[in-house]
There are 2 protein chains.
Amino acid sequence: MSFQAHLESVVAQVEGALACSVMGFDGIAVETHQVPAAEAMELPTALVEFTNVLSQLRTAADSLKTGGVEELCIQTEKLTTVMRLVSPEYFLALAIKPEGNPGKGRYVLRITAPKIRLEL
Amino acid sequence: MSFQAHLESVVAQVEGALACSVMGFDGIAVETHQVPAAEAMELPTALVEFTNVLSQLRTAADSLKTGGVEELCIQTEKLTTVMRLVSPEYFLALAIKPEGNPGKGRYVLRITAPKIRLEL
């Protein structure tokens with residue numbers, strides 16, 4: 001199964017999902033699947049910003065007793081973004097509409113991350 | 001109902017909850033309720049770090065089309081932390097064990113935030 005097929009499957013399973021990407025910690029998407037409604041959201045700009053936050057948390061985790069970061073969920077007025085680490089270099093990012101189901105999104109990313117890891 | 005009573009109610013309602021605080025954006029807790037098991041986690045250090053992340057996202061939101069930040073959820077190996085904005089100056093932070101229920105935590109913070117806001 002290709003990256004693209006996994007990403008399409010994530011978007012299809014999660015109510016309100018707009019886009020799902022395999023991303024590097026430089027904020028650049030390796031592969032993305034998005035629905036047409038996602039165009040107006042300027043998702044790439046938001047994802048670069050959110051990637052910076054995830055990087056910062058990963059660095060901070062070294063000095064905290066809370067262990068490494070596994071997942072980050074950012075809810076803003078117009079978008080909920082769930083990010084889950086896949087490997088030290090890559091993570092999955094899923095953008096969901098406010099009326100979507102982030103709980104389902106978190107679950108689907110958790111089961112999809114190991115499948116993506118196998119193909120990296 | 002005092003802050004303390006609201007915080008105790010949040011911790012009692014969420015499975016695996018370790019501590020709940022009303023916090024300022026300077027990373028200082030206004031009021032906290034925590035269970036004894038939370039002592040070993042060095043939560044205040046982690047919360048200062050996570051507050052920085054929330055502040056950064058709030059600043060970034062001005063330039064993003066995704067709207068203002070409402071909630072941030074950070075899952076690390078040993079701790080899940082849910083933060084929800086109460087006002088421009090304050091937010092609620094809830095620390096939960098990995099085996100706890102962050103979905104319930106998000107729900108309880110969402111209904112508790114307006115009650116806290118009324119008392120600020």
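Residues numbered from 1 in each chain as written. Chains lettered and ligands numbered in written order. Predicted model: local features only at pLDDT ≥ 70, side-chain atom pairs only at ≥ 80, totals over all residues. Heavy atoms only, no water.

Draft legend 1. Summary view of the pattern of salt bridges. Tallied over the full model, the rule gives four salt bridges over all chains. Its salt-bridge partner being Arg84 of chain A, residue Glu71 of chain A comes within 3.3 Å of it at the nearest N-O pair. A residue pair is termed long-range when its members are at least 10 positions apart, and Glu71 of chain A in strand β3 (residues 69-76) and Arg84 of chain A in strand β4 (residues 80-85) qualify at 13 residues. For Glu71 of chain B, the salt bridge is made with Arg106 of chain B, and the minimal N-O distance between the two is 2.6 Å. (Salt bridge = Lys/Arg side-chain N within 4 Å of Asp/Glu carboxyl O. Helix = DSSP H or I, 4+ residues; strand = E, 2+ residues; numbered from the N terminus.)

Draft legend 2. Just the side chain of Thr81 of chain B, in detail. Residues and elements named next belong to chain B. With respect to the secondary-structure elements, Thr81 resides in strand β4 (residues 80-85). Taking relative accessible area as the criterion, Thr81 reaches 2% and is therefore assigned buried. Setting aside residues no more than four positions away along its own chain, Thr81 makes contact with Leu47, Phe50, Leu72, Cys73, Ile74 and Leu94. (Buried < 20%, exposed > 50% of the residue type's maximum accessible area, 1.4 Å probe, protein only. Contact = heavy atoms within 4.5 Å.)

Draft legend 3. How the structure looks around the interface of chain A and chain B. Tallying the contact residues gives 31 residues for chain A and 31 residues for chain B. When chain A packs against chain B, the two sides together hide about 2,900 Å² of surface, and 55% of this comes from carbon and sulfur. On the chain A side of the contact with chain B, Lys65, Thr66 and Gln75 of chain A bury the most area, a combined 23% of that side's loss. Run the count over chain A and chain B and you get zero salt bridges. Taken together, chain A and chain B are joined by 14 residue pairs in polar contact (both at pLDDT 80 or more). For the side of chain A that touches chain B, the secondary structure elements donating two or more residues are α2 (43-61), β3 and α3 (102-119) of chain A. Top contributing element to the side of chain A that touches chain B by residue count: α2 of chain A, with nine residues. A per-class count over the side of chain A that touches chain B returns 14 nonpolar, eight polar and nine charged. In this structure, β3 of chain A lies alongside strand β3 (residues 69-76) of chain B, joined through seven bridges in antiparallel fashion. (Buried area = accessible area lost by both parts, 1.4 Å probe. Polar contact = N/O pair within 3.5 Å; in protein donor to acceptor, adjacent residues only side chain to side chain. Nonpolar A, V, L, I, M, F, W, Y, C, P; charged D, E, K, R; others polar. Pairing = 2+ DSSP bridges.)

Draft legend 4. Seen up close, the relation of the copies chain A and chain B. When chain A is brought onto chain B, the operation consists of a screw motion whose angular component is 180° and whose axial shift is 0.0 Å, with 0.0 Å RMSD remaining. In short, the pair behaves as if placed about a two-fold rotation axis. Judged by C-alpha distance, Cys73 of chain A is the residue of chain A that lies nearest the rotation axis, at 2.4 Å. The overlap is high: 100% of the interface residues of chain A also sit at the interface in chain B, so the same surface is used on both sides. (Least-squares fit on C-alpha atoms with pLDDT ≥ 70 in both.)

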